[in-house]
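The chain contents come next:
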Amino acid sequence: MISDDRRQPTTISDSVTHSAATPNWWQRDDLAYDTGGRLRLAGQDLAHLAQSAGQPVFAYSARRLSENLDRLRQALRSIPHSSRILYAMKANRFLPVLSHLKTAGIDGIDVCSPEEIHLARQVGFREDQISFTGNSVSNADLDCLAAHPGVWVNCDSLSTIRRLAERSPGRKIGLRINPRVGVGYRQNEQLRYAGDTATKFGIYADRMEEALALADQVGLSVTGIHFHTGCGYLDDQLANFRRVLEEALPFLRLVPHLEHINLGGGLGIPLAEGDAPLNLSAWSEVIGETLGSLAVAIWMEPGDYLVKDTGVMVLEINTIEEKGGRTFVGVTGGFNLHLEPAFYHLPLHMLPCCLSDDPGSQALPKATVVGNINEALDVFAEDIALPPVAEGDFLAFLNAGGYGTSMSSNHCMRGKFAEYLVV
Ligand SMILES: Cc1ncc(COP(=O)(O)O)c(C=O)c1O
């Protein structure tokens with residue numbers, strides 16, 4: 001069993017009940033309240049960080065980043081294949097995060113646009129450490145790929161195969177396939193990239209032979225198969241993950257010179273009480289059992305699994321007020337800084353950065369936490385219990401290290417934030 005230290009008890013008091021006996025589900029060595037009731041990430045006092053920044057803050061634990069990478073590497077050692085972990089840059093492209101992963105010796109990086117290729121090169125990834133998987137790929141995108149002949153390309157349409165060959169003849173390529181089975185956090189359909197309804201992602205079984213014949217005809221050599229069928233899956237989705245691999249097998253058998261299979265990303269982390277960390281032993285067993293007999297390498301491109309739980313977003317509470325019978329907690333930052341709760345309805349756990357004994361603070365059994373954007377969508381959480389808080393306090397939003405800043409926008413011109421790698 002590959003261990004995840006997330007559940008180790010600490011001596012810190014429970015943020016909601018103030019009971020020292022029960023550790024919180026989210027606590028771990030580098031994320032906990034200190035004895036003075038101040039929330040620390042990798043030793044950094046988060047309220048102090050946000051106070052000194054004077055704007056919304058995203059802080060990432062370098063230690064957790066290394067631990068996540070090491071845990072995944074260890075899990076992959078148990079499968080009978082050579083393997084490569086390529087970090088999906090789209091999850092978080094903060095330069096210090098990318099550099100940290102590079103320095104920690106990650107095998108490579110997954111990109112989906114020319115700009116991401118340039119950033120990967122700037123951080124020090126060689127072309128042969130970069131894998132590109134895009135969709136609705138333009139001729140300008142393909143010109144960029146032609147200028148980077150060492151970058152691996154996964155083609156997800158016949159059109160891309162044809163137009164890439166015009167610019168980059170003789171290249172080895174991967175084909176992104178769609179096995180019509182998706183995985184995702186809990187039963188969330190919005191996080192699945194494959195399923196009964198056709199999506200834009202990948203080549204379906206009915207056109208696979210045509211795609212291979214086309215590649216052959218235009219002089220591209222298919223040696224990789226790629227699929228990414230959803231995001232955030234935990235143990236309850238492992239049966240679906242197995243089905244994804246099983247459904248991929250007929251595609252693999254059609255490729256005579258297959259060298260690697262890319263399993264994509266999608267590995268999830270606990271987002272709410274009751275979620276258990278993904279059992280990586282069980283996960284790697286599924287890979288071994290379904291793909292074990294194939295003499296090919298396994299590549300994967302996780303985003304969230306590496307970065308999501310490293311990061312915390314910290315926003316100031318500016319308003320606490322009852323309106324129409326509900327208690328609203330307004331914060332200085334909106335859904336535009338971290339879109340997932342509003343867009344994908346993912347749970348976002350939040351905590352005060354300082355546990356308060358101040359008589360002016362009030363415990364809120366049913367708080368609705370909202371941002372500062374003029375949109376009805378701008379809600380972080382509805383009717384949640386919050387420990388005593390007051391206007392001027394800071395709230396920490398956990399698991400904001402993936403798809404927060406990278407998807408953020410400047411809507412209402414409130415897109416400013418400061419990012420810190422805490423080492
Ligand atoms: C092709 C591809 N690979 C990898 C990822 C990373 O997914 P995750 O962050 O869920 O691991 C994504 C996410 O959308 C993706 O589209």
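Residues numbered from 1 in each chain as written. Predicted model: local features only at pLDDT ≥ 70, side-chain atom pairs only at ≥ 80, totals over all residues.

1. Considerations on the overall build of the chain
- When helices and strands are tallied, the chain shows 11 helices and 19 strands.
- Since a compact globule built from 423 residues should have a radius of gyration of about 22 Å, the 23 Å found for the chain is in line with a globular shape.
- Overall size of the chain, expressed as C-alpha extent along the three principal axes, is 75 × 45 × 40 Å.
- For the chain, the proportion of its 423 residues judged to be buried stands at 44%. (Helix = DSSP H or I, 4+ residues; strand = E, 2+ residues; numbered from the N terminus. Rg over C-alpha atoms; globule rule 2.2 N^0.38 Å. Buried ≥ 20, exposed ≤ 12 C-beta atoms within 10 Å, placed from the backbone.)

2. Things to note about the nonpolar core
- Counting 114 residues, the largest nonpolar core has Leu46, Ala59, Val312, Val314, Ala396 and Phe397 as the members making the most contacts within it.
- Broken down by element, the residue count for this core peaks at five residues, all from strand 13 (residues 311-323).
- Other than its neighbours up to four places away in sequence, Val314 contacts Leu46, Leu49, Ala50, Val57, Ala59, Cys353, Phe394 and Ala396. (Core = buried A, V, L, I, M, F, W, Y, C linked by C-beta atoms within 7 Å. Contact = placed C-beta atoms within 7 Å.)

3. Some remarks on the environment of Glu127
- In this fold, Glu127 is placed in the loop between helix 4 (114-123) and strand 7 (130-133).
- By the C-beta count within 10 Å, which is 14 here, Glu127 ends up partly exposed.
- Linking Glu127 and His148, residues 21 residues apart in sequence, is a C-alpha distance of 6.8 Å.

4. Points about the site of the ligand
- The environment of the ligand is made up of 17 residues, and the closest members are Ala88, Cys231, Gly265, Gly303 and Asp304.
- Grouping the constituent residues of the shell around the ligand by class yields six nonpolar, seven polar and four charged. (Near = placed C-beta within 6 Å. Nonpolar A, V, L, I, M, F, W, Y, C, P; charged D, E, K, R; others polar.)

5. Digging into the domain arrangement of the chain
- Domain assignment breaks the chain into domain 1 (5-61 + 308-422) and domain 2 (63-307).
- Taken over C-alpha atoms, the centre of domain 1 sits 32 Å from the centre of domain 2.
- Listing elements by their share of the side of domain 1 that touches domain 2, those giving two or more residues are strand 4 (57-61) and strand 19 (418-422). (Domains from an automatic or database assignment.)

6. Some thoughts on unusual backbone geometry
- Residues other than glycine seldom take positive phi values, yet Tyr403 does so here, at roughly 60°.
- Summarising the element assignment, Tyr403 is placed in the loop between strand 18 (394-397) and strand 19.
- Taking the C-beta count within 10 Å as the criterion, Tyr403 has 22 such neighbours and is therefore assigned buried.

7. Some thoughts on the sheet that holds strand 3 (residues 44-45)
- Overall, antiparallel pairing links the three strands, which are arranged 1-2-3 in an open sheet. Edge positions in the sheet fall to strand 1 (31-33) and strand 3, since each has one partner strand and no second. (Pairing = 2+ DSSP bridges.)

8. Digging into the packing of helix 6 (residues 158-167) against helix 7 (residues 208-218)
- Their axes nearest at 10 Å, the elements helix 6 and helix 7 cross at an angle of 5°. It follows that helix 6 is roughly parallel to helix 7 by the angle criterion. Contact residues: helix 6 offers Leu158, Ile161, Arg162 and Ala165, while helix 7 offers Glu210, Ala211, Leu214, Ala215 and Val218.
- Counted by class, the contact of helix 6 with helix 7 contains seven nonpolar, no polar and two charged residues. (Axes fitted to C-alpha atoms, helices over the stretch in contact; angles between N-to-C directions. Parallel < 35°, antiparallel > 145°, perpendicular 65-115°, else oblique.)

9. Some thoughts on the sheet that holds strand 10 (residues 221-226)
- Here eight strands make up a closed barrel; going around it, the order is 5-6-7-8-9-10-11-12 and the pairing parallel. Within the sheet, the average angular offset between the axes of one strand and its neighbour, ignoring direction, is 30°.
- Bridging between strand 9 (residues 172-176) and strand 10 involves five bridges; their strand directions are parallel. What sits directly across from Ile173, in strand 10, is Val222.

10. Remarks on the packing of helix 2 (residues 62-76) against helix 3 (residues 95-103)
- Where helix 2 meets helix 3, the axes come as close as 10 Å, and the angle between the chain directions of the two elements is 45°. Taken together, the axis directions place helix 2 and helix 3 in an arrangement best described as oblique. Crossing hand, helix 2 versus helix 3: right-handed. When helix 2 is examined against helix 3, the residues Ala62, Leu65 and Leu69 are found in contact with a partner set consisting of Val97, His100 and Leu101.
- A class-by-class count of the residues in the contact of helix 2 with helix 3 yields five nonpolar, one polar and no charged. (Left-handed = near helix turned anticlockwise from the far one by under 90°.)

11. Focus on the pairing of strand 12 (residues 297-300)
- Relative to strand 12, strand 5 (residues 83-88) runs parallel, the two being bridged by three bridges. The residue of strand 12 that forms the bridge with Ser83 is Ile298.
- Bridge analysis of strand 11 (residues 260-262) against strand 12 gives three bridges, and the strand direction is parallel. Residue pairing for strand 12: Ile261 is matched across the bridge by Ile298.
- Once the chain exits strand 11 it traverses helix 9 (residues 280-291) before rejoining the sheet at strand 12, and the crossover so formed is right-handed. (Right-handed = clockwise from strand over helix to strand, strands pointing away.)

12. Quick word on helix 1 (residues 46-53)
- Taken together, the buried positions of helix 1 are Leu46, Leu49 and Ala50. Along the axis of helix 1, the buried positions cluster into a sector of 90°, meaning they face one direction only.
- The inward-facing, buried residues of helix 1 contact strand 2 (39-41), strand 3, strand 4, strand 13, strand 18 and strand 19. (Arc of directions from axis to C-beta.)

13. Considering the environment of Arg126
- Within the secondary structure, Arg126 is located in the loop between helix 4 and strand 7.
- Assessed through the 11 C-beta atoms surrounding it within 10 Å, Arg126 is described here as exposed.
- Between the C-alpha atoms of Arg126 and Pro250, which are 124 residues apart in sequence, the distance is 33 Å.

14. Considerations on the environment of Thr160
- Turning to its location among the elements, Thr160 is positioned in helix 6.
- Residues Thr160 and Val111, 49 residues apart in the sequence, show an inter-C-alpha distance of 16 Å.
- Non-local contacts of Thr160, meaning those with residues more than four positions away in its chain, are made with Val137 and Cys155.

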